[in-house]
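# Understanding the architecture of this molecule
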Amino acid sequence: MGFEEFLGVNPWTAVFTLANTVALFLVLKHFLFDKLMRVVHDRQQEIDDMYSQADLARQQAQALEADYTKKLSAARETSEAMVKEAVARGQIREEEIIRQANAQASALMDKAAADIAREKKKAVNEAKDEISGLAMDIAQKVVGRSLNTGDQTRLIDQFIEELGDGV
């Protein structure tokens, strides 16, 4: 019995099977594995590109968020400054209105005091005229004669002074 009978394998069959397997591997490698590996590599590249685009988009979103936050903060500061300025202008306007109202009230009081003084003087003068007329009539009746102008003036002034002291 020979080697072939002991193993049950023909060495030439084994060599041809091995050669067929290597040839099949080379053909499959050339036509299938390289193309399959290229497809897998392309797909991996697409996935990597998608990840890098997602990272870029995330970075842009973060930059936009930071910019938005900055602008929002600036807008808040601007609005607070505008409110403070408006309040200050309102207070200044309020003070100005109060000053004007006080000035107008003071002017009205001065005018009223002047009007009162003028009316008082006018009333006093009218009272003097009336009193002097009455005093003249009384004096003529008491004295029984006509008084000259100097005597009349002296008597009227004396009467008014006595009347003024009593008031």
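Remember, it's a predicted structure, so these values are computed and weren't measured experimentally.

Scanning all chains against the criterion turns up 2 aromatic pairs. Ring centres of tryptophan 12 and phenylalanine 16 lie 6.5 Å apart, and the angle between their planes is 40°; this geometry places the pair in the tilted category. Placement of the pair is tryptophan 12 and phenylalanine 16 together in helix H2 (residues 11-143), with a separation of 4 residues, close to one helical turn. Like tryptophan 12, the residue phenylalanine 16 is exposed in the burial classification. A centroid spacing of 6.3 Å and a plane angle of 50° characterise the contact between phenylalanine 25 and phenylalanine 33, whose relative ring orientation is tilted.

This part takes up the environment of phenylalanine 159. If you trace the backbone, phenylalanine 159 turns up in helix H3 (residues 149-166). Separated by 27 residues in the primary sequence, phenylalanine 159 and serine 132 place their C-alpha atoms 8.3 Å from one another.

What follows deals with a negative patch on the surface. Together, Glu119, Glu126, Asp129 and Glu130 make up a negatively charged patch on the protein surface. Mapped onto the elements, glutamate 126 comes out in helix H2.

It is worth spelling out a nonpolar patch on the surface at this point. A surface patch of nonpolar side chains, amounting to about 1100 Å² of accessible area, comprises Leu18, Val22, Leu24, Phe25, Leu26, Val27, Leu28, Phe31, Leu32, Phe33, Leu36 and Val40. Relative to the helices and strands, leucine 36 is located in helix H2. The exposure class of leucine 36 is partly exposed, given its relative accessible area of 45%.

Below, the discussion takes up the pattern of salt bridges. Summed over all chains, the structure comprises 7 salt bridges. Between arginine 43 and glutamate 46 there is a salt bridge, with its nearest N and O atoms 3.2 Å apart. Of the two residues, arginine 43 and glutamate 46 are both situated in helix H2; the distance of 3 residues between them amounts to about one turn of the helix. A relative accessible area of 44% places arginine 43 in the partly exposed class.

In this section: the confidence of the model for the chain. Mean pLDDT over the chain stands at 85; residues scoring 70 or higher make up 86%. At the low end of the mean pLDDT range in the chain sits helix H1 (residues 3-7), at 60; at the high end sits H2, at 89.

How each quantity is defined
- Residues numbered from 1 in each chain as written.
- Predicted model: local features only at pLDDT ≥ 70, side-chain atom pairs only at ≥ 80, totals over all residues.
- Heavy atoms only, no water.
- Phe/Tyr/Trp six-rings, centres within 6.5 Å; stacked < 30°, edge-to-face > 60°.
- Helix = DSSP H or I, 4+ residues; strand = E, 2+ residues; numbered from the N terminus.
- Buried < 20%, exposed > 50% of the residue type's maximum accessible area, 1.4 Å probe, protein only.
- Patch = residues over 30% accessible without salt bridge, like charges linked within 9 Å, V, L, I, M, F, W, Y side chains within 5 Å.
- Areas by Shrake-Rupley, 256 points an atom, 1.4 Å probe, with all protein chains shown as cover.
- Salt bridge = Lys/Arg side-chain N within 4 Å of Asp/Glu carboxyl O.
- Lys, Arg positive; Asp, Glu negative; His and termini not counted.
- Charge placed at Lys NZ, Arg CZ, Asp CG, Glu CD.
- pLDDT = per-residue confidence, 0-100.

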